[in-house]
Structure formats: structure tokens, C-alpha cells
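Breakdown of the fold
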Amino acid sequence: MATLTFLGAVGEVTGSRYLLEVDGSEGTRKLLLECGMHQGGGDADERNARPFGRLARELSAVVISHGHLDHAGLLPKLVREGYRGPIHCTRDTRDLLEIMLADAAFVMAKDVEWENRWRHKADKPLLEPLYDTDDVEQTLAQCEPHHYGQPVSLPGGVTLVYRDAGHILGSAIVELKVPSGGRDRRLVFSGDLGNPESVLMEDPEKVFDADLVLMESTYGDRDHRPLDETLEEFARVLEEAHAAGGNVLIPAFAVGRTQEVLYHLSVLYHEGRLRQQLVFLDSPMAIRVTELYQKKRKSLNDEDLRVLNVAAQGDPSQYLPVLRLTRSVEESMAINRIHGGAIIIAGAGMCNGGRIIHHLRYNLAKPSTRVVIVGFQAAGTRGRQLVDGVERVKLFGEEVPVKARIHTIGGFSAHAGQSELLAWAGAFRQRPRFYLVHGEPGAQQALRSALAAAGIEAEIPDYGRRIEL
């Protein structure tokens, strides 16, 4: 018999983690599907710090769908606590993890160093980061990368196959064939399904056979605006900001969203519709990821790349000539001397840290500023506060008034909307059992109702629930 236990991304978008236990002649094999960080909310740090306990040494394998931190960000912590088995992922995800996890370790080290300064003065116990660069290097050494469609044998007689999820570089739908109760059961985890209208990525693959499906529900309560309407709104906001003489701040996730925004800015530039003559990519990690996307051009959508190649006459350096890459802290600080006419793309995407905080501090109080929100903002994050219309936000211990105009442009989302989720779920034959994960309660309930109207029954699991396959 095989069982699955829900250990994360239950009733929330982040913290993905599921434990698969397979009984066999050699005993029970434990496989971990995802090992993600919790992001947003007051208890995220405490939940991320909880030890894995015996599980770290009992696991036989780990399977990761893609490189976002809410799916893979605690891998080095698992390794730090003793896990030494294989970490399965796609080839492009392996390369992304090298950037993402190293950056996470660096940020944690800085945060802990800052926190320990006052703890030392207050004679309080000092903190340690969840993991360090040595743990990241060991994690990467344990990664075993695979191609889409390649069957992979796992412990316990389980077979893994990755399918393209169309979300970010290397993102995958996870198919697991699991022996249970005398026959093979098919467990399919959607991972994060991409938005078919997003540029650069291929459309998510349809899967037709499953006994049990774990499906994300991030945007289960709504559809995104059509891309052409989204781009027109984006262009209008940029034009208004130029006319008002202010800067445009775009808090962007380093992987996927940043590259998509740069693509659309490039198209607007070559159409003569980009009035701003300075575009800053102010995120060392986003710069490295963007360079990786360029290196991995064969993994991207040919038609989208052809548009840029024609406009730039085949010269990638001319995709967006006004782009400036600011790697150093000094270069980043210099941006704050620019009081108008610039577009500043910086992380973190939910405004909970990173260089975007400094730019918000210098620009939020100006009515001429435009803040363009292009990604999902989890409950409890500073980005969510801005979206919800807060009048003041605390930045570096100061209350800063929000005089800037906040624009939420949801059509840039790299996640499938409700209609796309319904279409993906409707492709399955034989009525598999559905469990909705990776969504806030309202979105999950809305998707559950929409699925029911389409004749598909779905459950919303609680944390710790254990089910038989």
C-alpha cells in the first residue's frame, strides 16, 4: 500500500511539501515531493525553521517540480540535517537552483548577521541561518537532472516522468507511477501550471491518465485579463508616468516574471512606444537568471524569440538598448538620485525584502510615482498591503506615506487562470481524485465549485492529512 501526506501548500500558496510512503518487500520507502519555503505571513520564519527530524535521514529520494523557492527553497536545510539521497529535477531546474539557492543563502546570512547585532547587545541567544553556501553546494551535488518525458526509476518501484508545465524555465508537471494495493497507481502533481498567454514559455502539457491529481489553485477564483489588454494597460501606465515626470517601480520575481517584463519592454521600445530612456534591472539574481535564459534559448518559445530577433535585426544586445544592469550596491544606490523618467525592476517580487524596498522608500511618497504589480502577492506581504490600498507602510523602521499610484496588472501572471485550470483538469480520463493545493482558501473554494459544475469532484485537504493511493 502507498500513502500520501500533505505537509505544505495546504490552505496557502507557498511551502510545498508532500510525503509519499510506499510499502514493499524491502520495507517502507519514503519519497518527498517538493521541499519549499513558506513565504508571507507572520509565522513563515518559524515554520521554515522547524527541524525535519528523522525524516531527513529516512528519505530515499526527493522530487522537485521547479526552481521557485516556495517549491525548492528548503532543500539545503534538508541536506544540512542529514539527507544524502538523490534530488530529482529537470536539467534547467538544476541550473536555476544553482542561482536561487546561493542567493537565498546569501540573503539569510546577511539577515542573521543584522539580527545578531542587537541580540549580542541585548545578551540574547544568537541565531543561525537555515543553511549556508556549503549546504547549497552539497545540495547541488545531489541533484540528478532529467529531460522531459524521460522515465526515471525511483526507490520502492516508483517511476517518475516530467512533463513541461510552461511556468518558468525547467518547470514540470510530475507524473509518478506508484505500486499500491497490488497494482500501479498514477499520481500526477501539476506543479505550477503556466499561463498559455505568457511569452517565452511553451504551453503546459496536458496529461490524460491519473488515479490521483494534486492541482495548484493559486488563481482558482479568476481568469487573467487577455494579454493584448494587459499590454495596452501597461503601456498606458508607462506613458502616464512619463507625463507625470515620475519613476516606475516594478517589484518582480527574479525567475520568469522579470524576463517576461523585459520582453514586453523590448517590444514597446521597437514599436516606438517606450518613452522612458532608462530601464534598470536592479537585482543581481534576476540578472544572473536573465543571462541563464539567454543561454537556454533552445528551451524557450521560438515564435516569441523570433519577434525580438526581427525587431533587433538578429542582435540580442539590441533587444532593449536602454537596459542597464546594476549588479553592485553602489550602482543600486545611485538609482535613487534619479527623480523621474526611469523604470526600475527590482526584487523581491512581494516587496518583503531586497532592493525594491530602498526604491519604495525613495519613491512611494511621490504622487508622480507608479508602482506596477505584475505578480501574485501572498497574504501578509508588503506587496499585498500595497495592492489592498494601505495608506502607509513601514520601511526601515519609518512610516512612509503611500502617495504613489499602485497598478495591479494581473495579465502578466505566469500561473494558469481558472479557465486554464478547468481545461487542464478536464483532459483527464477515468475521473481521477482531485486534491486542491497551492491556493488561498477563497481561491480554492471557488475552483472547487467551478470544477463541480464541470462534473469534477475535488477535495481541499487539511495539513497533515494522510490518504491512500
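Please refer to the structure higher up on the page.
Read on for a plain summary of the structure. Keep in mind the model is a prediction, meaning the values are calculated, not measured.

1. What about the overall build of the protein chain?
When its secondary structure is counted, the protein chain shows 15 helices and 22 strands. Relative to the globule expectation of 23 Å for 469 residues, the C-alpha radius of gyration of the protein chain, 22 Å, shows essentially globular dimensions. Seen through its C-alpha atoms, the protein chain measures out along the principal axes to roughly 70 × 60 × 40 Å. Burial status across the protein chain gives 56% buried among its 469 residues. When contacts within the protein chain are restricted to residue pairs at least 6 apart in sequence, those whose partners lie at least 24 apart make up 75%. Accessible area of the protein chain: about 19,900 Å², with a carbon and sulfur share of 48%.

2. Some remarks on the packing of aromatic side chains
A full pass over the atoms with the stated rule returns seven aromatic pairs. Between Tyr219 and Phe376, the ring centres sit 5.8 Å apart and the planes meet at 85°, which makes this aromatic pair edge-to-face. Taken together, the positions of Tyr219 in the loop between strand E11 (212-216) and helix H7 (227-244) and Phe376 in the loop between strand E16 (370-373) and helix H13 (382-387) put the pair 157 residues apart, joining distant regions of the chain. Grouping residues by exposure puts Tyr219 and Phe376 together as buried. Three or more aromatic residues joined by ring pairs form one cluster here, namely Phe6, Tyr18, Phe189 and Tyr435.

3. A few points about the nonpolar core
The nonpolar side chains of soluble globular proteins are, as a tendency, buried together. Formed by 104 residues in total, the largest nonpolar core has its most connected members in Leu4, Leu214, Phe234, Ile250, Leu265 and Ile345. Looking at this core element by element, the count peaks at eight residues for helix H5 (residues 91-121). Ignoring anything within four residues of it in the chain, the contact list for Phe234 reads Ile250, Val261, Leu265, Leu268, Val372, Ile409 and Phe412.

4. Observations regarding the pattern of salt bridges
Applying the stated criterion across every chain yields a total of 31 salt bridges. For the salt bridge of Glu115 with Arg119, the shortest nitrogen-to-oxygen distance reads 3.6 Å. Taken together, the positions of Glu115 and Arg119, both in helix H5 and four residues apart, correspond to about one turn of that helix. On the basis of relative accessible area, Glu115 is assigned to the partly exposed category, the value being 27%. A relative accessible area of 17% means that Arg119 is categorised as buried. Two residues, Glu459 and Arg465, come together in a salt bridge whose shortest N-O distance is 2.7 Å. Of the residues examined, Glu459 reaches a relative accessible area of 32% and is grouped as partly exposed. Three or more residues are tied together by salt bridges with common partners; here these are Arg80, Glu128, Asp132 and Asp135.

Cut-offs applied
- Residues numbered from 1 in each chain as written.
- Predicted model: local features only at pLDDT ≥ 70, side-chain atom pairs only at ≥ 80, totals over all residues.
- Heavy atoms only, no water.
- Helix = DSSP H or I, 4+ residues; strand = E, 2+ residues; numbered from the N terminus.
- Rg over C-alpha atoms; globule rule 2.2 N^0.38 Å.
- Buried < 20%, exposed > 50% of the residue type's maximum accessible area, 1.4 Å probe, protein only.
- Contact = heavy atoms within 4.5 Å.
- Areas by Shrake-Rupley, 256 points an atom, 1.4 Å probe, with all protein chains shown as cover.
- Phe/Tyr/Trp six-rings, centres within 6.5 Å; stacked < 30°, edge-to-face > 60°.
- Core = buried A, V, L, I, M, F, W, Y, C linked by side-chain atoms within 4.5 Å.
- Salt bridge = Lys/Arg side-chain N within 4 Å of Asp/Glu carboxyl O.

It is worth stressing that arrangement in space is one thing and function is another; only the former is reported here.
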